[in-house]
Amino acid sequence: MTTKKKASNSKPRRFVVRNSGIHGKGVFALTRIPAGTRLIEYKGERLTEKQVDRRYAKDDSPHTFLFALDDGMVIDATYGGSSARWINHSCAPNCEAVDDEDRIYIETLRAIRPGEELSYDYGIELEERHTPAMKRYYECRCGARRCRGTILSDKRKK
Ligand SMILES: C[S@@+](CC[C@H](N)C(=O)[O-])C[C@H]1O[C@@H](n2cnc3c(N)ncnc32)[C@H](O)[C@@H]1O
Ligand SMILES: [Zn+2]
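Colleague: I'm lost on the site of ligand 1 in this one. Help?
Modeller: Close to ligand 1 lie 19 residues, the nearest being His23, Lys25, His63, Arg85 and Asn88. A distance of 2.7 Å is found between a nitrogen atom of ligand 1 and a side-chain nitrogen or oxygen belonging to Asn88. Relative to its unbound accessible surface of 560 Å², ligand 1 loses 94% to contact with the protein. Considered class by class, the residues forming the shell around ligand 1 number nine nonpolar, six polar and four charged.

Colleague: Is there a simple way to think about the layout of surface pockets in this case?
Modeller: Over the atoms, a rolled probe matching the size of one water molecule traces out where space is still vacant. In this model, the second largest pocket occupies a volume close to 150 Å³. Together, Lys11, Pro12, Arg13, Arg14 and Phe15 line the second largest pocket. Grouping the constituent residues of the lining of the second largest pocket by class yields two nonpolar, no polar and three charged.

Colleague: Sorry if this is basic, but what is going on with the coordination of the zinc ion (ligand 2) here?
Modeller: Ideal geometry at a metal centre gives angles of 109.5 degrees when four donors are arranged tetrahedrally and 90 or 180 degrees when six donors are arranged octahedrally. Taken together, the protein donors to the zinc ion (ligand 2) comprise Cys91 (SG), Cys140 (SG), Cys142 (SG) and Cys147 (SG), at separations of 2.3 to 2.4 Å. The site at the zinc ion (ligand 2) holds four donor atoms, and with the angles between them running 103 to 114°, its shape is tetrahedral. Sequence positions of the residues that donate to the zinc ion (ligand 2) give the spacing C-x48-C-x1-C-x4-C. Neither residue differs from the other here; Cys140 and Cys142 are each classed as buried.

Colleague: Please explain the packing of aromatic side chains as it appears in this structure.
Modeller: Think of a pair of aromatic rings as described by two things: how far the centres are apart, and how the planes are tilted against each other in angle. Under the criterion given, the structure shown has five aromatic pairs. Centroid distance Tyr42 to Phe67: 5.3 Å. Interplanar angle 50°. Geometry classified as tilted. Of this pair, Tyr42 sits in the loop between strand S3 (38-41) and strand S4 (45-47) while Phe67 is found in strand S5 (residues 66-68), placing the two residues 25 residues apart along the sequence. Summarising the burial analysis for this pair, Tyr42 and Phe67 share the class buried.

Criteria and thresholds
Residues numbered from 1 in each chain as written. Chains lettered and ligands numbered in written order. Predicted model: local features only at pLDDT ≥ 70, side-chain atom pairs only at ≥ 80, totals over all residues. Heavy atoms only, no water. Near = heavy atom within 4 Å. Polar contact = N/O pair within 3.5 Å; in protein donor to acceptor, adjacent residues only side chain to side chain. Areas by Shrake-Rupley, 256 points an atom, 1.4 Å probe, with all protein chains shown as cover. Nonpolar A, V, L, I, M, F, W, Y, C, P; charged D, E, K, R; others polar. 1 Å grid on protein atoms, 1.4 Å probe; cavity = no way out; pocket = protein on both sides within 12 Å on 5 of 7 lines; lining within 4 Å. Points joined across faces, edges and corners; volume = space filled by probe spheres on them. Donors = N, O, S within 2.8 Å, 3.2 Å for Na, K, Ca; no water. Tetrahedral: all angles 85-135°; square planar, octahedral: opposite > 155°, others 65-115°. Buried < 20%, exposed > 50% of the residue type's maximum accessible area, 1.4 Å probe, protein only. Phe/Tyr/Trp six-rings, centres within 6.5 Å; stacked < 30°, edge-to-face > 60°. Helix = DSSP H or I, 4+ residues; strand = E, 2+ residues; numbered from the N terminus.

Written out as structure tokens, the structure reads:
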């Protein structure tokens, strides 16, 4: 008797989550990915800033799975998040986070080689001043030649 192999229509996986030299887990390309590719949506619960403050009131770590939106809402990928939540920050990123009708997608900024870690610039903006102490607290370990030393945005230099 002959057995037929089932044809697979699923596309080969383009990236995988594994340990990162930057921090904890990261996301790495498995194939060559062209520039301008929409890779994945940053999914999670949509919360107000107040809800986030209440949820993390006792949390004094800079580590979060939060993505702040321009309209003041926040996506918390702790529950129901996609693999996008594992993408680390880099000061010389190969991806960017794109807002498309209030949904956030991670897209490549340039062609990416297999094995490269995916990254985008978190550009975090705090309510308070970005003092040297806060920058140290949010220290960046991306290793880029022009690393700015912090995962905070450089828009507020005070
Ligand atoms: C969404 S998580 C990314 C996944 C993270 N590596 C993990 O294993 O949970 C975001 C957190 O990772 C850490 N992180 C991401 N990029 C970093 C970087 N370039 N330098 C230092 N820490 C970073 C920070 O603690 C940040 O709040
Ligand atoms: Zn950096």
